[in-house]
Amino acid sequence: MKKLLLILFVGVFIFAGCNSDTVITPEISNNTQSNAKTWLKFENSRLEKDFIVSKTINGAIGGRLDINNNLGSILVTGSLVVPQWAFQTTENIQITFDQSSTYAEYKPSYLQFDTPLILTLKYTNVNLNNVNPNDIDFYYVDDFGKLEKVQYDSKTVDVSNRVLEVVNARIPHFSRYGWAK
């Protein structure tokens, strides 16, 4: 009887784990647990809802996806530049900005780029009280679910003017990108 119950329990556990509705959340940390990073959350200000920007781009030609949205108290502006021959297909590029954090999901997630895409992104009117600018940087979730720092030309973390900005961030593949501390 014990063996039957054990087999039944293991079967239910495996079935639940293989369910197509199961969501796997990447681990939000960098290479060491002592330096764990977390996405920067909006405090006392937030977007009214998640918002999506999208555009169909032929990778052989290249293109630009402009970002300009003021759904709530926070203004999000910028652009994602796709250099010519960054990828070989025509794709519907989509960026979904989270309503409560400073990250966004970039899709389709399977895309790897022959030449990195270039992202310039600015959040204006973000409450950065109690934030040390030296502790914040721009990251992406790598293939192993770890946060990795993005290469970029410059960043701005301006507490008094309530601005977060990254300029010319190199995007090697689509994933979740955003500000973390």
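Everything below is about the structure printed above this text.
Only a predicted model underlies this, so the values are computations on that prediction, with no experimental measurement involved.

Draft legend 1. Region of interest: the overall build of the protein chain. Each helix and strand counted, the protein chain has one helix and 11 strands in total. For the protein chain, the succession of helices and strands along the chain, N to C, is α-β-β-β-β-β-β-β-β-β-β-β. Residues classed as buried in the protein chain amount to 40% of the 181 residues present. By sequence separation, contacts in the protein chain at least 24 residues apart represent 68% of the contacts at least 6 residues apart. Carbon and sulfur atoms form 53% of the exposed surface of the protein chain, whose accessible area is close to 10,300 Å².

Draft legend 2. Fine view of the pattern of salt bridges. The tally for this structure, following the rule as stated, stands at five salt bridges. D66 is the salt-bridge partner of R64, the closest N and O atoms lying 2.6 Å from each other. When its relative accessible area of 43% is taken as the criterion, R64 is described as partly exposed. Given the relative accessible area of 47%, D66 is considered partly exposed. When the shortest N-O distance is used, the salt bridge between K149 and D137 registers 3.3 Å. Of this pair, K149 sits in strand β8 (residues 147-149) while D137 sits in strand β7 (residues 137-141), placing them 12 residues apart in sequence. Look at the salt bridges and you will find they share partners, linking D137, K149 and K155 into a network.

Draft legend 3. Structural detail: the sheet that holds strand β3 (residues 75-82). If you trace the five strands from one edge of the open sheet to the other, you get β2-β3-β6-β10-β9, paired in antiparallel fashion. Across the chains shown, the open sheet's two edge strands, defined by having one partner strand only, are β2 (63-69) and β9 (154-158). Across the sheet, the mean angle separating the axes of adjacent strands is 15 degrees when strand polarity is ignored.

Draft legend 4. Highlighting the side chain of T102. Of note, T102 is situated in the loop between β4 (90-97) and β5 (103-107). Look at T102 and you get buried, because its relative accessible area is 1%. Excluding its chain neighbours within four sequence positions, the residues that come into contact with T102 are L40, F42, Y123, L164, Y177, G178 and W179.

Draft legend 5. Structural view of the packing of aromatic side chains. A complete count under the given rule lists eight aromatic pairs for this structure. Ring centres 4.6 Å apart and planes at 15 degrees place the aromatic pair F51 and F97 in the stacked group. With F51 in strand β1 (residues 51-58) and F97 in strand β4, the pair connects residues that are 46 residues apart, well separated along the chain. Its relative accessible area of 4% is what places F51 among the buried residues. Judged by relative accessible area, which is 0%, F97 ranks as buried. On the basis of an interplanar angle of 80 degrees and a centroid distance of 4.9 Å, the ring pair of F113 and F174 is categorised as edge-to-face. Separated by 61 residues along the polypeptide, F113 in strand β6 (residues 112-124) and F174 in the loop between β10 (163-173) and β11 (176-180) bring together distant segments of the chain. Residue class for F174 comes out buried when judged on its relative accessible area of 2%.

Draft legend 6. Geometry of the environment of N161. Here N161 lies in the loop between β9 and β10. With 36 residues separating them along the chain, N161 and N125 place their C-alpha atoms 7.4 Å apart. Of note is the side chain of N161, whose polar atom sits 2.9 Å from the side chain of D158.

Reading the values: rules and limits
- By convention here, each chain's residues receive numbers from 1 onward along its written sequence.
- pLDDT decides what is reported in this predicted model: residues at 70 or higher carry local features, side-chain atom pairs at 80 or more are listed and counted, and totals for whole chains, interfaces and linings draw on all residues regardless.
- Remark: hydrogens and water are excluded; side-chain values derive from all non-hydrogen atoms of the structure.
- Only DSSP runs of H or I covering at least 4 residues are called helices, and only runs of E covering at least 2 are called strands; the numbering of each starts at the N terminus.
- Relative accessibility thresholds used throughout: buried, under 20% of the residue-type maximum; exposed, over 50%; partly exposed, between the two (1.4 Å probe, protein chains only).
- Two residues qualify as a contact provided that any one of their heavy atoms is within 4.5 Å of a heavy atom in the partner residue.
- Accessible surface is estimated by sampling points in the Shrake-Rupley manner with a 1.4 Å probe; for residues, cover comes only from the protein chains shown.
- Criterion for a salt bridge: a side-chain nitrogen of Lys or Arg within 4 Å of a carboxyl oxygen of Asp or Glu.
- Pairs of strands are assigned from DSSP output, requiring at least two bridges between the strands.
- In this description, a line fitted to the C-alpha atoms serves as the axis of each element, helices being fitted only across the stretch in contact, and the angle between N-to-C directions of two axes falls anywhere from 0 to 180 degrees.
- Aromatic pairing here means that ring centres of Phe, Tyr or Trp (its six-membered ring) are within 6.5 Å. Orientation follows from the plane angle: under 30 degrees is stacked, over 60 is edge-to-face, and everything else is tilted.
- A 3.5 Å cut-off defines polar contacts: any pair of N or O atoms within that distance qualifies, except that in protein one atom must be a possible hydrogen donor and the other a possible acceptor, and neighbouring residues in sequence count only when both atoms are side-chain atoms.

Any functional reading would require information that these geometric values do not contain.
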